[in-house]
Amino acid sequence: MSTPAHAGQGAASPAAAVDPSSVAADQLKSIIERIERLEEEKAGIAGDIKDVYAEAKANGFDVGVLRKIIALRKKDHDERTEEEAILELYLQALGMA
């Protein structure tokens, strides 16, 4: 019968692995702060994009179509061509073409 005499020994816990006074702790803090700043910037940019879509809608543009155009422009020509061919095939199979 084994006893829990060695329980808690062995691998160090992740909390014990980072000494708060070490360079690694400073580097970790720096990384976290950079990510937080970038997340704030990302939220600001997302808000700006939302405003542009609202402007487009106010000027009579179809926002759904604009979003599709943006998605298409992100793809390369070959990827778009292949996707369009598959879409056409599926539409024909459903009798919609």
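To be clear, the structure that these remarks concern was listed above.
Just so it is clear, the structure is predicted and the values come from calculations on it, not from any experiment.

A. Highlighting the overall build of the protein chain. Within the protein chain one finds 4 helices and 0 strands. Reading the protein chain from its N terminus to its C terminus gives the helix and strand order α-α-α-α.

B. Here's a closer look at the pattern of salt bridges. Considering all chains together, one arrives at 2 salt bridges under this definition. Glu-83 is the partner of Lys-75 in a salt bridge, and the nearest nitrogen-oxygen pair spans 2.5 Å. What makes Lys-75 partly exposed here is its relative accessible area of 22%. A relative accessible area of 39% means that Glu-83 is categorised as partly exposed.

C. Summary view of a negative patch on the surface. On the surface, Glu-33, Glu-36, Glu-40 and Glu-41 cluster together into a patch of negative charge. Note on placement: Glu-33 falls in helix 2 (residues 23–58).

D. Region of the structure containing helix 2. In a regular helix each residue adds 1.5 Å, so 36 residues correspond to 52 Å; helix 2 covers 53 Å between its end C-alpha atoms and thus fits that length. Taken together, the buried positions of helix 2 are Ala-25, Tyr-53 and Ala-56. At its buried positions, helix 2 is contacted by helix 3 (63–74). Directly after helix 2, the chain includes Gly-60, whose backbone phi takes a positive value near 95°.

E. Layout of the packing of aromatic side chains. Inspection of the entire model under this criterion finds 0 aromatic pairs. Of note, Arg-67 hangs over the ring of Tyr-53, and the distance from its end group to the ring centre comes to 3.9 Å.

F. Representation of helix 4 (residues 77–93). The first and last C-alpha atoms of helix 4 sit 24 Å apart over 17 residues, in line with the 24 Å expected at 1.5 Å per residue. Taken from the residues just after helix 4, Gly-95 is the one with a positive phi, measuring 70°.

G. Examining a nonpolar patch on the surface more closely. Where nonpolar side chains cluster on the molecular surface, the patch consists of Ile-86, Leu-89 and Tyr-90 and spans about 320 Å² of accessible area. Take Leu-89: it is sitting in helix 4.

H. Up close: the packing of helix 2 against helix 3. Interhelical geometry of helix 2 versus helix 3 gives an angle of 130° and a closest axis separation of 9 Å. Judged by the inter-axis angle, helix 2 sits oblique to helix 3. Between helix 2, through Tyr-53, Ala-56 and Lys-57, and helix 3, the contact on the second element is made entirely by Val-63, Leu-66, Arg-67 and Ile-70. Looking at side-chain class alone, the contact of helix 2 with helix 3 contains 5 nonpolar, no polar and 2 charged residues.

Analysis parameters
- Residues numbered from 1 in each chain as written.
- Predicted model: local features only at pLDDT ≥ 70, side-chain atom pairs only at ≥ 80, totals over all residues.
- Heavy atoms only, no water.
- Helix = DSSP H or I, 4+ residues; strand = E, 2+ residues; numbered from the N terminus.
- Salt bridge = Lys/Arg side-chain N within 4 Å of Asp/Glu carboxyl O.
- Buried < 20%, exposed > 50% of the residue type's maximum accessible area, 1.4 Å probe, protein only.
- Patch = residues over 30% accessible without salt bridge, like charges linked within 9 Å, V, L, I, M, F, W, Y side chains within 5 Å.
- Areas by Shrake-Rupley, 256 points an atom, 1.4 Å probe, with all protein chains shown as cover.
- Lys, Arg positive; Asp, Glu negative; His and termini not counted.
- Charge placed at Lys NZ, Arg CZ, Asp CG, Glu CD.
- Expected span 1.5 Å × (residues − 1).
- Contact = heavy atoms within 4.5 Å.
- Phe/Tyr/Trp six-rings, centres within 6.5 Å; stacked < 30°, edge-to-face > 60°.
- Lys NZ or Arg CZ within 6 Å of the ring centre and 35° of its normal.
- Axes fitted to C-alpha atoms, helices over the stretch in contact; angles between N-to-C directions.
- Parallel < 35°, antiparallel > 145°, perpendicular 65-115°, else oblique.
- Nonpolar A, V, L, I, M, F, W, Y, C, P; charged D, E, K, R; others polar.

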